[in-house]
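Each chain, written out:
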Amino acid sequence: MTAALLITFLVLMVIGVPVALAMAGASLLYVMLSGTLPDYVVIHRMVNGIDSFPLLAVPFFIMAGNLMNSAGITNRIYNFALALVGWLKGGLGHVNVIGSVIFAGMSGTAIADAAGLGTIEIKAMTDQGYPIEFSVGVTAASATLGPIIPPSLPFVIYAMFANVSVGQLFLAGIIPGGVMAILMMFTVAYYAHKNKWGRDVAFKWSRIGKALLELAIVIGFPTAIWGATEMGTDPAPTFFAAMALLLLADRFFRFNAVLPIMTPVLLIGGMTSGIFTATEGAIAACVWAMFLGLVWYRTLNWKMLVKVSMDTVETTATVLLIVAAASIFGWLLTVTRVTDAVAAAVLAYTHNPAMFLLMANLLMLFVGCFLEPTAAITILVPILLPICHQLGIDPVHFGLVMVLNLMIGLLHPPMGMVLFVLARVAKLSVERTTIAILPWLVPLLASLILITYIPEIALWLPRKFFP
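Thresholds applied
- Residues numbered from 1 in each chain as written.
- Predicted model: local features only at pLDDT ≥ 70, side-chain atom pairs only at ≥ 80, totals over all residues.
- Heavy atoms only, no water.
- Phe/Tyr/Trp six-rings, centres within 6.5 Å; stacked < 30°, edge-to-face > 60°.
- Helix = DSSP H or I, 4+ residues; strand = E, 2+ residues; numbered from the N terminus.
- Buried < 20%, exposed > 50% of the residue type's maximum accessible area, 1.4 Å probe, protein only.
- Expected span 1.5 Å × (residues − 1).
- Arc of directions from axis to C-beta.
- Polar contact = N/O pair within 3.5 Å; in protein donor to acceptor, adjacent residues only side chain to side chain.
- Patch = residues over 30% accessible without salt bridge, like charges linked within 9 Å, V, L, I, M, F, W, Y side chains within 5 Å.
- Areas by Shrake-Rupley, 256 points an atom, 1.4 Å probe, with all protein chains shown as cover.
- Salt bridge = Lys/Arg side-chain N within 4 Å of Asp/Glu carboxyl O.
- Core = buried A, V, L, I, M, F, W, Y, C linked by side-chain atoms within 4.5 Å.
- Contact = heavy atoms within 4.5 Å.

Participant: How would you explain the packing of aromatic side chains if you had to name every residue and give the values?
Facilitator: If you walk through the whole model with that rule in mind, you get 12 aromatic pairs. When the centroid spacing of 5.6 Å and the interplanar angle of 65° are considered together, the rings of Phe 134 and Tyr 191 count as edge-to-face. Residue Phe 134 is found in helix H8 (residues 132-143), and its partner Tyr 191 is found in helix H11 (residues 174-195); the two are separated by 57 residues along the sequence. A single burial state applies to Phe 134 and to Tyr 191, both of which are buried. A ring pair is formed by Trp 288 and Phe 291, whose centres lie 5.7 Å apart and whose planes are at 25°; its orientation type is stacked. Within this pair, Trp 288 and its partner Phe 291 are both found in helix H15 (residues 278-296), separated by three residues, close to a single helical turn. Since its relative accessible area comes to 9%, Trp 288 is described here as buried.

Participant: If you had to explain unusual backbone geometry to someone new, which residues and values would you point to?
Facilitator: Of note in the backbone geometry, Asn 163 takes a positive phi value of approximately 55° without being a glycine. Relative accessible area serves as the criterion here: at 71%, Asn 163 is assigned to the exposed category. Within the chain, Lys 196 stands out as a residue other than glycine whose phi angle is a positive 55°. You can see Lys 196 is positioned in the loop between H11 and helix H12 (205-230). Judged by relative accessible area, which is 72%, Lys 196 ranks as exposed.

Participant: Lay out the environment of Gly 392 with the relevant residues and their values.
Facilitator: Of note, Gly 392 is situated in the loop between helix H19 (373-391) and helix H20 (395-409). For Gly 392, a relative accessible area of 65% puts it in the exposed group. Along the primary structure Gly 392 and Pro 353 are separated by 39 residues, whereas in three dimensions their C-alpha atoms are 7.8 Å apart.

Participant: Run through helix H18 (residues 353-368), naming residues and quoting values.
Facilitator: Taking 1.5 Å of rise per residue, 16 residues should cover 22 Å, and H18 covers 22 Å from first to last C-alpha, within 8% of that figure. Among the residues making up H18, those that are buried are Phe 356, Leu 357, Ala 360, Asn 361, Met 364, Val 367 and Gly 368. The buried side chains of H18 occupy one side of the element, clustering within an arc of 140° when seen end-on. Of the exposed residues in H18, the ones pointing more than 90 degrees away from its buried face are Leu 362 and Phe 366. Measuring from the backbone nitrogen of Ala 354 back to the side-chain oxygen at the start of H18 gives 2.9 Å, which picks out Asn 352 as the cap.

Participant: Which residues make up a nonpolar patch on the surface, and what are the values?
Facilitator: On the surface, Tyr 349, Met 355, Leu 358, Leu 362, Ile 449, Leu 450, Tyr 453 and Ile 454 cluster together into a nonpolar patch covering about 770 Å² of accessible area. Elements supplying a minimum of two residues to the nonpolar patch: H18 and helix H23 (441-453). Ile 449 gets classed as exposed once you look at its relative accessible area, which sits at 53%.

Participant: Give a description of the nonpolar core that names residues and reports values.
Facilitator: Met 23, Tyr 158, Phe 170, Trp 288, Phe 356, Phe 398 and Met 402 are the most contacted members of the largest nonpolar core, which totals 165 residues. Dropping the residues within four chain positions of it, Met 402 is found in contact with Tyr 158, Met 364, Ile 377, Leu 380, Val 381 and Leu 384.

Right, dumping it as structure tokens:
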């Protein structure tokens, strides 16, 4: 019967049935054939699977990203990144990476990054004379930062299934995201030196100075909130006073992107200082995005807001259907002791955490090429996390490793959504897009190795703020 459950799921996937329906259908067939469980247990477990407080954050994070995409924020981010690093050799390649770092703090998904900011970046790079393959490759690689730098939709899903703190996962992604960005910028510098590319904008102290001032404000804001928390004072008054000063400064200096960049800063700062929970933070991010689009920049109107809301409903329904179907599928895997059998097989082979992480990475890279990240997380967590507990691997660290693996999987056929999005944006064939992305696997896999085998890269910040 257990074999029938797994075989039915694989057959349905092979013939093209959507992954959510494949999991739910295989589970229903198992329940009907086993005769030991009532049929309604399928619906009962699916409903319980999405009856979760942390999952309330999902629609709000999705809507915040959609609002930022629709409010013209991408142009502001691009201009800020251009002022900051556009004067370097291979400047627009560096701009691509820095822009993705910033946009990652608003969208939470790699696909939104590739479709939103990627459209602007690829056009700008090709207009400047960069090869289309280089433009597509760096855009694809930098898009993987979307779910690593908070906020992150995959982190929320993982946190629910792994029963870990969303706040810790968000903090765990900050330094690894920086490591990935640095390695990508080194790769851009290598290509610029090899091909003798020059600067894309002139070096001007006035432009650099304004960009650095914006960066200093973004860094100084959370520092002030953290300082108030460390002194034992209520951080909320400091938080709101700093926000008021920030709005005044933006009105006076007309910054490019300080207010949009503040989205992840507000989210993480509010969570670590105790002003709001992760779910409340998602609502705060959504309200902030609406304020910027409707009131401050006035780039959104009510008609656009309705469209954004409908897109959010559609995306949320898709995500939660996958989560609901995975809940019954994962429950049956546990009840039938498949997870125990997998754990026993792995532990019979090795008790070395480093070896297990290598095996898990290979598995997750493979699975990421065939399954959408949400579905992959919901299937893999119940199987692999018990082994992590037995081997003493921190679940927060493992969550980051899992999400990064699945993001790399988005760049590959046959199911790589970022690959298909960029092929459409750049008007290239899937084959040419795949070849363009291949060299960029070097910095991504190097980042994966570092983050996998140096856990402190991911765990230093969570341990500092969540002792």
